[in-house]
Amino acid sequence: MRAYLIRRLLQVVPVLFGVSLLVFGMMVLIPGDPARAILGSYATPENVAALEADLALDQPVHMQYVSWITNVAQGDFGRSYSLNRPVFDEITERFTATLLLAGTALVIVVLLGLTAGIVAAVKQHKWQDRAFTIGALVGLSMPSFWLGLIFIVVFALNLGWFPTSGMRSAFGGGGPLDIAHHLVLPATALALVASGVIARITRSNMLEVLRADYVRTAQSKGLASRWVVMRHAFRNAIVAIVPVIGVQIGFLLGGAVYIETVFGWPGIGRMLVNAIGTRDILLVQGGVLLVATSYVLINLAADILQAVLDPRIRVE
Amino acid sequence: MTTDIHAGRAGDPLLAVRGLATHFTVEGEVFRAVDGVDLDVARGEAVGLVGESGSGKTVTAMSVLQLIPDPPGRIVDGSIELEGTDLVTASDLVLRDVRGNRVACVFQDPLTTLNPVLSIGEQIVEMIRRHQDLSRKAARGRARELLEAVHIPKPERRLDEFPHELSGGMRQRVVIAMALANDPELLIADEPTTALDVTVQAEILDLFIELRERLGMALLFITHDFGVISELCDRVVVMYAGKVVEEAPVDRVFEDPRHPYTRRLIDCVPALGQGARELEVIPGLPPALNRLPDGCAFAPRCDVVEEACRRGEIALRPLGDGIAARCIKPGARP
Ligand SMILES: Nc1ncnc2c1ncn2[C@@H]1O[C@H](COP(=O)(O)OP(=O)(O)O)[C@@H](O)[C@H]1O
Ligand code: SF4
Ligand SMILES: [Mg+2]
């Protein structure tokens, strides 16, 4: 297991290096004067000169990269000219909001997707399975932003159960309950498509393992069928489902861009859309680096979890 | 019921299967995998269930434990009594107390019968604790003893290993140890050596012989290889196309098989020291189970077939001395 862990961690290093090169490349590839572009058209010549020195623009490209990555490693992503605050502060704040949204969606995805998939497999050919097939079809064929709009119209505007937008109420808001109240609609809208994906893969994996010889062995031991389904069948099926969940987390983070826009959620997706609009290059750079790195780390975590769950992977 | 040869035996058997019919429905076609099987296993008796692949041996065994996948399969007729309790109509709770406790099972392929993501210890302990009120620690100690009993070296270490870390033969020993965990009255072994290397086959067979002498439980030993039967079993039941075609004490059946199919199966067994020679096989294939012919199902392959064989149902007829055959010309030779 330890050897597997070390190998897997070492594999991540070149990937992260590649990510950083791409993100760094954004700046090098900007046509014209990067310092001026970063600071916007109202910058003073002194400010431009200071930034040029800071970015080591007078030095060869690889030295620029070294100085950039050194800063980044220390949490210094520069200053956003459009917001007039450190990029680091902005992206961590926004990313926290996105993590809250995507994390809540993930909980829904795991609970709903796994449960629906297990029930559908165990009740194959029965009404639960048919209901599931229809539900999954509807869930999967509906883009999340469209679902979000429907949710807003039905549950926020017509029924008035939930707020239409934002993360906190303007007056007296910001407590955990207030945030949770704001979270329900966007998290559910974001979760449904991924839930359909997880439910389908769970169902098909479960159908496969339920036919396995070791499930028959478990039954022949006199174990209760619930126990057989969970400890023997599901415990095997989950091994192949975990990486798919990892990929779905990526989609949740990506899909958050639409949902954040529809629901006015102050997450990093919406921040990136705005930052691109105002050509706030350092902000885009910092945001993309953070999101891309989290993708890589989430998939690493999924792989490690898979190895923890499956003894056969560890020894390979 | 077509026969009463079981009626005369002394005492009630441990397991009494009567008129068992287990059918599979696939794409609207009914496959009569098991069709009217009678089978007795007395306490402590070792019965060999023999027949070519597809003759319904596994389906018979799985019917006993009520483990037929439904759909596509279903027990459509008959009873399976374990000391008076009919397992066909028993509640789930009753069945769960029988499985693994009074009747345990060893399956064909040890590579797939153990759960790949649970350790050997977890799988045996689970079996023990389902039926015995033991602490985790005590159950683990018992699991260790069981591994020792089936001659697995370094049992303590094996408990924490996973199935893929063991060889096929070792895995089958683990499965056997697990099956013995609750001192079952009946052990069903479904071709437990078929998937193994030849040398390992002999070792596992020796283990069965040893365990039976030591523990004295009843054994229903399924195999397609007549050679395996002689050393291990008291009595033989031969199946063909979902029906019992002959049953007899082991010593008698080798001397004087009554059914032509049994005779041909025995001819297929290589004599000692001629293992490498090309084996004789029975030409032709068993009939399709969804289109069984009228009359004797073996007629298309039988070397002594005649007109009368193809007319009407042929009963399993008692021939005395605990022998019965489903043939109108028992003992006939070409
Ligand atoms: N799961 C199943 N689905 C459909 N048919 C089956 C299934 N299991 C068994 N059968 C039918 O039962 C027949 C006998 O199978 P089996 O009892 O496994 O034979 P064997 O004597 O080799 O153990 C098969 O040829 C097949 O037609
Ligand atoms: S009944 Fe006829 S065909 Fe069938 S086994 Fe006997 S002799 Fe052969
Ligand atoms: Mg079989």
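Residues numbered from 1 in each chain as written. Chains lettered and ligands numbered in written order. Predicted model: local features only at pLDDT ≥ 70, side-chain atom pairs only at ≥ 80, totals over all residues. Heavy atoms only, no water.

Draft legend 1. Seen up close, the overall build of chain B. Scanning chain B from terminus to terminus reveals 11 helices and 12 strands. Here chain B has a C-alpha radius of gyration of 20 Å; the compact-globule value for 334 residues is 20 Å, and the two agree. Along the three orthogonal principal directions, the C-alpha set of chain B runs to about 65 × 50 × 45 Å. Buried positions account for 54% of the 334 residues belonging to chain B. Expressed as a percentage of contacts within chain B between residues at least 6 apart in sequence, the contacts between residues at least 24 apart total 64%. (Helix = DSSP H or I, 4+ residues; strand = E, 2+ residues; numbered from the N terminus. Rg over C-alpha atoms; globule rule 2.2 N^0.38 Å. Buried < 20%, exposed > 50% of the residue type's maximum accessible area, 1.4 Å probe, protein only. Contact = heavy atoms within 4.5 Å.)

Draft legend 2. Region of interest: the interface of chain B and chain A. Facing 26 residues of chain B, the contacting portion of chain A comprises 23 residues. Both sides of the chain B and chain A interface together cover about 2200 Å² of buried area, and 59% of this is carbon and sulfur. Of the charged contacts, one joins glutamate 126 of chain B and lysine 221 of chain A as a salt bridge, the two residues approaching to 2.7 Å between their closest N and O atoms. Counting across the chain B and chain A interface gives 14 residue pairs in polar contact (both at pLDDT 80 or more). For the side of chain B that touches chain A, the secondary-structure elements that each account for two or more residues are α1 (57-64), α3 (110-113) and α4 (120-131) of chain B. Broken down by element, the side of chain B that touches chain A gets its largest block of residues, 6 residues, from α4 of chain B. (Buried area = accessible area lost by both parts, 1.4 Å probe. Salt bridge = Lys/Arg side-chain N within 4 Å of Asp/Glu carboxyl O. Polar contact = N/O pair within 3.5 Å; in protein donor to acceptor, adjacent residues only side chain to side chain.)

Draft legend 3. Fine view of the layout of surface pockets. Empty space within the largest pocket amounts to approximately 1600 Å³. Taken together, 37 residues form the lining of the largest pocket, with Val122 and Gln219 of chain A together with Ile68, Pro69 and Asp70 of chain B sitting closest to its centre. When residues in the lining of the largest pocket are grouped by element, the largest group, 5 residues, is from helix α10 (residues 225-263) of chain A. Of the residues in the lining of the largest pocket, the class split is 21 nonpolar, 6 polar and 10 charged. (1 Å grid on protein atoms, 1.4 Å probe; cavity = no way out; pocket = protein on both sides within 12 Å on 5 of 7 lines; lining within 4 Å. Points joined across faces, edges and corners; volume = space filled by probe spheres on them. Nonpolar A, V, L, I, M, F, W, Y, C, P; charged D, E, K, R; others polar.)

Draft legend 4. Expanded view of the side chain of serine 63 of chain B. Residue and element names in this part refer to chain B. Within the element layout of this structure, serine 63 appears in helix α1. Residue serine 63 is classed as buried on the basis of its relative accessible area, which comes to 0%. If near-sequence neighbours (up to four positions away) are discounted, serine 63 is found in contact with Leu20, Thr22, Ile68, Ile75 and Ile80.

Draft legend 5. Highlighting a nonpolar patch on the surface. Residues and elements named next belong to chain A. Residues Phe145, Trp146, Leu149, Ile150, Val153, Val154, Leu157, Leu159, Trp161 and Tyr258 make up a contiguous nonpolar surface patch of about 960 Å² in total accessible area. Looking at which element gives the most residues to the nonpolar patch, the answer is helix α7 (residues 144-158), with 7 residues. By the element assignment, leucine 157 lies in helix α7. (Patch = residues over 30% accessible without salt bridge, like charges linked within 9 Å, V, L, I, M, F, W, Y side chains within 5 Å. Areas by Shrake-Rupley, 256 points an atom, 1.4 Å probe, with all protein chains shown as cover.)

Draft legend 6. How the structure looks around the site of ligand 2. Residues and elements named next belong to chain B. Lining the immediate environment of ligand 2, one finds His259, Pro260, Cys296, Phe298, Ala299, Cys302, Val304, Val305, Cys309, Ile314, Cys327 and Ile328. Of all the cavities here, the one that holds ligand 2 is the largest cavity. Residue classes in the shell around ligand 2 are distributed as 11 nonpolar, 1 polar and no charged. (Near = heavy atom within 4 Å. Sits in = over half its atoms within 2 Å of the grid points.)

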